[in-house]
Amino acid sequence: EKWYVSALQNPRDQHSYARYFYGICLMYNGKFEEAQAQFEQFQQENGDPDNKYYKLANDKIASCQFAMNPVNTKEQITITDLDSLINMGSTSFGLQFVSDEYMVFSSARMDNTPDSLLTEDRNPLEYYLLDIYMVPINEDGTFGTPEKFPFEVNSADYHEGSAVISADGNTMFFTKMDPNNRNETKIYASRKFNNQWLKPQAMDNNVNMDGFRSMNPYLTKDGKTLYYSSNRPGGEGEMDIWSVQVDPNGNTSEPVNLGNQINTGENEITPFLHEPTNTIYFSSGGHIGFGGMDIFAAKWNEDSEWWGTPVNAGAPINSSRDDSYYIIDDNLLTG
């Protein structure tokens, strides 16, 4: 925010959109009234209704008005920061239900094994490399101590994250990313055999396409439909939500884009299907919201046999920053 003020005080031709991005910064910092004024001033100065950022500013003005409307804040929802067992290290995200007994999530943190017990030197990047962890659920609903998945799944050099495990507990899908090449982001599958996770294999071209990113897998309880996000060609732009059918041998169907009702020209990521209500939850930066990425919900329409209009989950689930990886239990009480 500070540097965009400086850019506006020292105008340059190559920074012709500084006022638009200053408005974005103000939104991220929760200053919606000031942000709306900047978007309106940007449109006056730009004067070209066909310009990409002029059009985007229309949406951002609507988002500022949405965020300032008290109707869009749900007083009955309480947000609680999870304890330091979960929120440890440099990042922790992407909790997923597995069973009544444990959940999985992604985190970058130092292994707490004492140096004297290590069999090899610590990786200096360990604090920044993502791995997949499982965490037991105690009888009172609190979490136990997280444990890292075995080395077959977690590698020493890649990020592993946003994992989902099939209802029978025998198949895992997760994202693997080369930290030096974000386009090398693919979805992998691993099967459990004799209580051991086998070496993961990258999914086929219907899910992963060379040179493009695929991530955030979510598997339905019957194990037949995999939702994921990708910027592969044929979508609305940036990351979109897609789905494929998966057969018992792991073969997939042609990918289906969830269309422009769900997807926009901005990023849509982290799909989660709440099956009791047939509602898909996802995170989007392109629909009207509070700024950054927001959580949206779209219900399946039996008549049209397609997804309905996405609805913003409202504050305090959504904030002026990025909100993603939303999940909620079958009873819609805890997420």
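Residues numbered from 1 in each chain as written. Predicted model: local features only at pLDDT ≥ 70, side-chain atom pairs only at ≥ 80, totals over all residues. Heavy atoms only, no water.

### Regarding the overall build of the chain
Next up, step 1: Within the chain, the secondary structure is distributed over four helices and 18 strands.
Next up, step 2: Its C-alpha atoms give the chain a radius of gyration of 21 Å, near enough to 20 Å, the size a compact globule of 335 residues would have.
Next up, step 3: Oriented by its inertia axes, the alpha-carbon framework of the chain measures out at about 65 × 55 × 45 Å.
Next up, step 4: Considering only contacts in the chain between residues 6 or more positions apart, those separated by 24 or more positions represent 46%.
Next up, step 5: Of the roughly 18,000 Å² of accessible surface on the chain, 48% is carried by carbon and sulfur atoms.
Next up, step 6: When the 23 basic and 48 acidic side-chain charges of the chain are each reduced to a single mean position, those positions are 4 Å apart. (Helix = DSSP H or I, 4+ residues; strand = E, 2+ residues; numbered from the N terminus. Rg over C-alpha atoms; globule rule 2.2 N^0.38 Å. Contact = heavy atoms within 4.5 Å. Areas by Shrake-Rupley, 256 points an atom, 1.4 Å probe, with all protein chains shown as cover. Lys, Arg positive; Asp, Glu negative; His and termini not counted. Charge placed at Lys NZ, Arg CZ, Asp CG, Glu CD.)

### Quick word on the nonpolar core
Next up, step 1: Within the largest apolar cluster, 38 residues are counted, with the highest numbers of intra-cluster contacts made by L226, I262, I280 and W307.
Next up, step 2: Taken together, the elements giving at least two residues each to this core come down to strand 2 (102-108), strand 3 (131-136), strand 10 (214-219), strand 11 (225-230), strand 12 (240-245), strand 14 (268-274), strand 15 (279-284) and strand 16 (294-301).
Next up, step 3: When residues in this core are grouped by element, the largest group, four residues, is from strand 16.
Next up, step 4: Not counting chain neighbours up to four residues away, the residues in contact with W307 comprise Y227, L258, Q261, I262, L273, N278, T279, I280, A298, K299 and W300.
Next up, step 5: Counting 18 residues, the second largest nonpolar core, distinct from the first, contains A35, F39, F290 and A315. (Core = buried A, V, L, I, M, F, W, Y, C linked by side-chain atoms within 4.5 Å. Buried < 20%, exposed > 50% of the residue type's maximum accessible area, 1.4 Å probe, protein only.)

### Quick look at the sheet that holds strand 11
Next up, step 1: Taken together, four strands build an open sheet; the order of strands is 10-11-12-13 and the sheet is antiparallel. The two strands at the open ends of the sheet, each matched to only one other strand, are strand 10 and strand 13 (256-257).
Next up, step 2: With six bridges connecting them, strand 11 and strand 12 associate as antiparallel partners. Note that in strand 12 the partner of S230 across the bridge is D240. (Pairing = 2+ DSSP bridges.)

### So, empty space enclosed by the protein
Next up, step 1: One pass over the full model with this rule turns up two cavities of 30 Å³ or more.
Next up, step 2: Here the largest cavity is characterised by a volume of approximately 110 Å³.
Next up, step 3: Lining the largest cavity are 13 residues; nearest its centre among them are Q96, P217, T270, P271 and Y325.
Next up, step 4: Taken together, the elements giving at least two residues each to the lining of the largest cavity come down to strand 1 (91-97), strand 5 (159-165), strand 10 and strand 14.
Next up, step 5: Tallied by class, the residues present in the lining of the largest cavity amount to eight nonpolar, five polar and no charged.
Next up, step 6: Estimates place the volume of the second largest cavity at around 40 Å³. (1 Å grid on protein atoms, 1.4 Å probe; cavity = no way out; pocket = protein on both sides within 12 Å on 5 of 7 lines; lining within 4 Å. Points joined across faces, edges and corners; volume = space filled by probe spheres on them. Nonpolar A, V, L, I, M, F, W, Y, C, P; charged D, E, K, R; others polar.)

### Some details on the environment of C64
Next up, step 1: Position of C64 relative to the elements: it lies in helix 4 (residues 52-68).
Next up, step 2: Judged by relative accessible area, which is 0%, C64 ranks as buried.
Next up, step 3: Each C-alpha atom, one on C64 and one on G289, is 7.7 Å from the other, the two residues being 225 residues apart in sequence.

### Regarding the packing of helix 2 (residues 18-28) against helix 3 (residues 32-46)
Next up, step 1: At a minimum axis distance of 8 Å, the contact between helix 2 and helix 3 shows a crossing angle of 165°. By the angle between their directions, the pair helix 2 and helix 3 is classed as roughly antiparallel. Handedness of the helix 2/helix 3 crossing: left-handed. Across the interface between the two elements, R19, Y20, Y22, G23, I24, L26 and M27 from helix 2 touch F32, E34, A35, Q38, F39, Q41, F42 and E45 from helix 3.
Next up, step 2: Along the lines of polarity and charge, the residues of the contact of helix 2 with helix 3 split into nine nonpolar, three polar and three charged. (Axes fitted to C-alpha atoms, helices over the stretch in contact; angles between N-to-C directions. Parallel < 35°, antiparallel > 145°, perpendicular 65-115°, else oblique. Left-handed = near helix turned anticlockwise from the far one by under 90°.)

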